[in-house]
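# Fold and geometry: a report
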Amino acid sequence: MRKRKPKVRVIAPDPRYNDPMVTQFVNNMMWEGKKSTTLTIFYDALDIVRERLKADEHNTWKKALNNVMPMVEVRSRRIGGATFQIPTEIRPKRKVSIGMKWLIRFARTRSGKGMAEKLAAEIIAASKNEGNAVKKKEDTHRMAEANRAFAHFRT
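Here's what I pulled together on the structure shown here. (Residues numbered from 1 in each chain as written. Predicted model: local features only at pLDDT ≥ 70, side-chain atom pairs only at ≥ 80, totals over all residues. Heavy atoms only, no water.)

To continue, consider the pattern of salt bridges. Under the definition given, this model contains ten salt bridges. The partner of Asp47 in a salt bridge is Arg16, with the nearest N and O atoms 3.0 Å apart. One end of the pair, Asp47, is in helix 2 (residues 35-53); the other, Arg16, is in the segment before helix 1 (20-29), with 31 residues separating them in the sequence. The class for Asp47 is partly exposed, based on a relative accessible area of 25%. Residue Arg16 is classed as partly exposed on the basis of its relative accessible area, which comes to 40%. Among the salt bridges present, the one from Arg52 reaches Glu117, with a minimum N-O distance of 2.0 Å. Residue Arg52 is located in helix 2, and its partner Glu117 is located in helix 5 (residues 115-127); the two are separated by 65 residues in the primary sequence. Among the charged side chains, a network of salt bridges with common partners joins Arg16, Asp47, Arg50 and Glu57. (Salt bridge = Lys/Arg side-chain N within 4 Å of Asp/Glu carboxyl O. Helix = DSSP H or I, 4+ residues; strand = E, 2+ residues; numbered from the N terminus. Buried < 20%, exposed > 50% of the residue type's maximum accessible area, 1.4 Å probe, protein only.)

See below:
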């Protein structure tokens, strides 16, 4: 057991938008430590979003992220020999983290040419409350709603 909580690491803001959440997103998307490559892909994706929607790309990305972030999740808990799916509220930092990971995951599985194109398509879809990442959020909420009867087992 830990004696105290670990210190929260401060994430440096990104160069273009001066936003630490962008850096966190890029860090999640990065493979094999290639941060500059990932940053280029992310900026290219946002340029594509600006081009297609004729709107502020950073706000569109934030809106997409908010549409993808889940409010509740189900956690497995073993009680009296049976395993129950117990719905629990999610901490704000975990919400953001899950939302980012879903957006990246479903952008990767999307069909298209190049990651920037795929990510742009997923961001645009999520900002309109469509796409696979939003569907995943709705499925998670539906599952939590279905298991609401076990909410009293929460610790």
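Next, the rest of the story.
Attention now moves to the packing of aromatic side chains. Per the counting criterion, the structure on display carries five aromatic pairs. On the basis of an interplanar angle of 55° and a centroid distance of 6.1 Å, the ring pair of Phe42 and Tyr43 is categorised as tilted. Residues Phe42 and Tyr43 agree in their burial class; the two are buried. Centre to centre, the rings of Phe42 and Trp61 are 5.6 Å apart; their planes meet at 80°, and the pair counts as edge-to-face. A residue pair is termed long-range when its members are at least 10 positions apart, and Phe42 in helix 2 and Trp61 in helix 3 (residues 57-68) qualify at 19 residues. Trp61 matches Phe42 in its accessibility class, with the two residues each being buried. Grouped by ring-pair contacts, the aromatic residues Tyr17, Phe25, Phe42, Tyr43 and Trp61 constitute a single cluster. Lying across the ring of Tyr43, Arg16 places its NZ or CZ 4.4 Å from the centre. Of note, Arg108 hangs over the ring of Trp31, and the distance from its end group to the ring centre comes to 4.1 Å. (Phe/Tyr/Trp six-rings, centres within 6.5 Å; stacked < 30°, edge-to-face > 60°. Lys NZ or Arg CZ within 6 Å of the ring centre and 35° of its normal.)

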